[in-house]
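The lines below spell out each chain.
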Amino acid sequence: MSNKNTEKKLASLPSVDELLRGPAGSDWLGLYPRSLVLIGIRETLNDTRRRVLDGEIDSVDSSVINRTVSENLYRLSRPHLQSVINATGVILHTNLGRSPLAPAVLRHVAEVSAGYSNLEFNLAQGERGKRYSHITGVLCEMTGAEDALVVNNNAAAVLLCLTAMAAGKEVIVSRGELIEIGGAFRIPDVMKAGGAFLKEVGATNKTHLQDYESAIGEETAFLLKVHPSNYRVVGFTHEISLAELVLLGKAREIPVMYDLGSGSLIDLSKYGIPGEPCLRNIVASGVDLVTFSGDKLLGGPQGGVIVGKKKYIQQIQRHPLTRAVRVDKMTLAALEATLMLYRDEETAIKEIPVLAMLTAQAPELRRRANRLARRMRNVLGQKAVVSVVKEISQSGGGSLPEQGMETFAVAVKPKNKSVSSIEKTLRTGEPPVVSRVKDNTIIFDVRTLQNNEFSLLVSALNLAISG
Ligand SMILES: *Cc1c(COP(=O)(O)O)cnc(C)c1O
């Protein structure tokens, strides 16, 4: 392509003013703020200019430019953070926002944040109150702990405990528990950030009580146990139970902290989901501090909960870092409302989406998959082969590793389009649908789909396959 040709094309690009004064200009200005219209136009012109220079465009077409501006404006006018339909079957999908919130929880968040609240005001006394007072009671009630504190997330909870209790001192951890979870959270690194010195004991697969005993010294701040949330050490292994560690701590007068990670308030083994310790039992072991996430198995908002002995919680609360990782009223409202649902286990299982999805049983999932498949066949006709398949759902979010749960999914094989193009169209559509591709089919796991999403999903799929 000659330079002259390129220059001619660039010269034929309309100016911002021309576009504004053109027929579409008044439509745009009627629909969107002027500042946004200017951004949309400039973005489109810059992009077109680049594509001309790259030789991607043969001729500058004003109707294409107008259409692109309209598309860009529509996209820019909508929030970038948006809801998506999760058909992956991964319940605590960190990339998709982890835990969805219960309707009652959302109502409470809206109520508390739409106006003023008693966030730090003691209504009975008419004086300044404590931000955490709203949540301490229900957390202690649910876990059996003496006191509680809530911060931004569990990573912050662990960091805060280390900083407030162990800066300049040693923390003893088993080599089998030096975990890394997603988002670059590694126990040794957090330890460093908190100014504590990591004293590793034992071997990767085996740690004995003797290892902890002989590591304890003048400089020991506490013994730390970390729940291997996202992996399991299996085979020739030995770990010291929390109860044993607590006994040792008591005997040597050294506090014991447990980073539980997920933290479940109900005994999930009753529902056929073993391996995740129940918070009440953990606290009952006499452990001094426990930290866990609000948005993993608990099914609430992002948050880091610290529960344990009053004297340590108070010590932590006094540390200046607590202020830097404090939660806002929306988090507190969501967490309190979520915890209140746990007062009745049946209600919790029904209302808290994470628990409902986790405990959904195969026959019900099969029925729902059949219903979804029927609806897809009705609209797709001969355009795709739709079948119900047995699949495995994952709990995700660094919880219950290797615990694939039997589920039922709808597998769709389009006849005239590629599976990958359909997957992409769905993902970038409205609403976005995140699915999986397997064996040249698109898989929709009903475990993470809400019934009221079926219609949207079916029309999105129809659009993707027919469009
Ligand atoms: C998930 C997890 C964390 C981090 O929790 P966030 O709430 O994601 O910050 C820390 N420790 C363990 C053991 C975990 O499983």
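Here the structure is a predicted model, which is why all the values come from computation and not from measurement.

Undergrad: For the pattern of salt bridges, give the residues involved together with the corresponding values.
TA: According to the stated counting rule, one finds 22 salt bridges in the structure shown. Here Arg128 makes a salt bridge to Glu120, at a shortest N to O gap of 2.9 Å. We classify Arg128 as exposed; its relative accessible area is 66%. A salt bridge links Lys310 to Asp147; its shortest N-O distance comes to 3.9 Å. Taken together, the positions of Lys310 in helix H13 (residues 310–318) and Asp147 in strand E4 (residues 147–151) put the pair 163 residues apart, joining distant regions of the chain. With relative accessibility at 5%, the residue Asp147 sits in the buried group.

Undergrad: Pulling in residues and values, what's your account of the sheet that holds strand E5 (residues 170–174)?
TA: Strand order across the open sheet formed by seven strands is E4-E12-E11-E10-E9-E5-E8, with mixed pairing between neighbours. Each end of this open sheet is capped by a strand with a single partner; those strands are E4 and strand E8 (197–201). Ignoring which end each strand starts from, the neighbouring axes of this sheet average 25° apart. Pairing between E5 and strand E9 (residues 220–226): three bridges, direction parallel. Following the sheet pairing, Glu170 is matched in E9 by Thr220. Of the strands in this sheet, E4, strand E11 (289–293) and strand E12 (304–308) are in contact with H13, which crosses E4 at around 30°.

Undergrad: Before we move on, can you summarise the site of the ligand with the specific residues and values?
TA: Of all residues adjacent to the ligand, which total 13 residues, the nearest are Arg98, Ser229, Asp259, Ser293 and Lys296. In the complex, the protein chains occlude 94% of the 380 Å² of accessible area that the ligand would expose alone. Of all elements in the fold, only helix H8 (154–166) and strand E10 (256–261) reach the threshold of two or more residues within the shell around the ligand. Looking at the shell around the ligand residue by residue, the classes come out as four nonpolar, six polar and three charged.

Undergrad: Outline the packing of helix H1 (residues 3–11) against helix H4 (residues 34–53), supporting the account with residue identities and numerical values.
TA: Relative to each other, H1 and H4 sit at 165°, their axes nearing to 10 Å. Taken together, the axis directions place H1 and H4 in an arrangement best described as roughly antiparallel. Considering the relative orientation of H1 and H4, their crossing is right-handed. Here Thr6, Lys9 and Leu10 of H1 come into contact with H4, specifically with Arg49, Val52 and Leu53. By residue class, the composition of the contact of H1 with H4 is three nonpolar, one polar and two charged.

Undergrad: Break down a positive patch on the surface for me, citing the residues and quoting the values.
TA: A surface patch of like charges, here positive, comprises Arg367, Arg371, Arg374, Arg375 and Arg377. As for its placement among the helices and strands, Arg375 is situated in helix H18 (residues 362–380).

Undergrad: Can you lay out unusual backbone geometry for me, pointing to particular residues and giving the numbers?
TA: Residue Glu430 is joined to Pro431 through a cis peptide bond whose omega torsion reads 0°. Among the structural elements, Pro431 can be located in the loop between helix H19 (419–427) and strand E15 (433–434). Backbone geometry at Asp439 places phi at a positive 50°, although glycine is not the residue there. Within the secondary structure layout, Asp439 lies in the loop between strand E16 (436–438) and strand E17 (441–445). Although it is not a glycine, Asn440 sits at a positive phi angle of roughly 55°. Along the chain, the position of Asn440 falls in the loop between E16 and E17.

Undergrad: Describe the pairing of E9, listing the residues and the values that go with them.
TA: The two faces of a sheet get side chains in turn, since along a regular strand they alternate between them. Among the seven residues in E9, seven count as buried, and that is most of the element. Where E9 and E10 come together, four bridges link them in parallel fashion. Note on E10: the bridge partner recorded for Leu223 is Val256. Running through helix H11 (residues 242–252), the crossover from E9 to the neighbouring parallel element E10 is right-handed.

Undergrad: Tell me about the pairing of E11, residues and numbers included.
TA: Buried residues dominate E11, accounting for five of its five residues. Side chains Leu289, Thr291 and Ser293 project from E11 onto one buried face, and the interleaved Val290 and Phe292 project onto a second face that is buried too. Sheet analysis places E10 next to E11, joined by four bridges and oriented parallel. Within the sheet, the bridge partner assigned to Tyr258 lies in E11 and is Val290.

How each quantity is defined
- Residues numbered from 1 in each chain as written.
- Predicted model: local features only at pLDDT ≥ 70, side-chain atom pairs only at ≥ 80, totals over all residues.
- Heavy atoms only, no water.
- Salt bridge = Lys/Arg side-chain N within 4 Å of Asp/Glu carboxyl O.
- Buried < 20%, exposed > 50% of the residue type's maximum accessible area, 1.4 Å probe, protein only.
- Helix = DSSP H or I, 4+ residues; strand = E, 2+ residues; numbered from the N terminus.
- Pairing = 2+ DSSP bridges.
- Axes fitted to C-alpha atoms, helices over the stretch in contact; angles between N-to-C directions.
- Contact = heavy atoms within 4.5 Å.
- Near = heavy atom within 4 Å.
- Areas by Shrake-Rupley, 256 points an atom, 1.4 Å probe, with all protein chains shown as cover.
- Nonpolar A, V, L, I, M, F, W, Y, C, P; charged D, E, K, R; others polar.
- Parallel < 35°, antiparallel > 145°, perpendicular 65-115°, else oblique.
- Left-handed = near helix turned anticlockwise from the far one by under 90°.
- Patch = residues over 30% accessible without salt bridge, like charges linked within 9 Å, V, L, I, M, F, W, Y side chains within 5 Å.
- Lys, Arg positive; Asp, Glu negative; His and termini not counted.
- Charge placed at Lys NZ, Arg CZ, Asp CG, Glu CD.
- Right-handed = clockwise from strand over helix to strand, strands pointing away.

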